Each structure stands twice: as C-alpha cells, then as structure tokens.
Amino acid sequence: MKKVQQFIENQAFGVCTRLGEMMDIPTSHIRIFFIYSSFLAFGSPILLYLVLAFIRDVRKMLRRGRSKWYY
C-alpha cells in the first residue's frame, strides 16, 4: 500500500506533501481540503493546485542548475 501511495504522490507533483511539511499538517487533511473545496468552489482550487505544482517544478529545475528557459 505504501508503494502505491508513493507512486501516486510522485505522479501528482507532491504539492500536498510539501504543504503539509511546511505547515506541520497531515497530508491527508490537505488532500481532503482540496477535494471538498473543489466541489464547493466549482474546481477553482484545482487551478491553485496546478499553479503550486508549476512553481514547485520550476524551483526544482532552478536548484539543479538546468533551466529549460534557455536553449
């Protein structure tokens, strides 16, 4: 079961995990928040999630020193 959870977290950008680590909140609570708020706000938290995933991915690339912004 842990392998499945790790696979899903790696494929889903790890945004909830990172937010949970930063705020000392269990990851499951953050995921439930995104799910419920998506239903209540007609999907707008999904946009927030994707923006956070994009920012996290760009920061990870910049830390490695290889940026895709340059040819």
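Everything here concerns the structure above.
So, how was this worked out
Residues numbered from 1 in each chain as written. Predicted model: local features only at pLDDT ≥ 70, side-chain atom pairs only at ≥ 80, totals over all residues. Heavy atoms only, no water. Helix = DSSP H or I, 4+ residues; strand = E, 2+ residues; numbered from the N terminus. Phe/Tyr/Trp six-rings, centres within 6.5 Å; stacked < 30°, edge-to-face > 60°. Axes fitted to C-alpha atoms, helices over the stretch in contact; angles between N-to-C directions. Parallel < 35°, antiparallel > 145°, perpendicular 65-115°, else oblique. Contact = heavy atoms within 4.5 Å. Nonpolar A, V, L, I, M, F, W, Y, C, P; charged D, E, K, R; others polar.

**Concerning unusual backbone geometry**
Stage number 1. Positioned with a positive phi, Asp-24 is a non-glycine residue whose angle comes to about 55°.
Stage number 2. By secondary structure assignment, the location of Asp-24 is in the loop between helix 2 (15-23) and helix 3 (27-40).

**Some thoughts on the packing of aromatic side chains**
Each aromatic ring pair is characterised by the separation of its centres together with the angle its planes make.
Stage number 1. Tallied over the full model, the rule gives two aromatic pairs.
Stage number 2. What links up through ring pairs into an aromatic cluster is the set Phe-33, Phe-34 and Tyr-49.

**Here we look at the packing of helix 2 against helix 4 (residues 44-64)**
Stage number 1. Where helix 2 meets helix 4, the closest approach of the two axes is 10 Å, and the angle between their N-to-C directions is 80°. Considered as vectors, helix 2 and helix 4 are oriented roughly perpendicular to each other. The residues of helix 4 that touch helix 2, namely those facing Val-15, Cys-16, Arg-18 and Leu-19, are Tyr-49, Leu-52, Ala-53 and Arg-56.
Stage number 2. Split by residue class, the contact of helix 2 with helix 4 holds six nonpolar, no polar and two charged.

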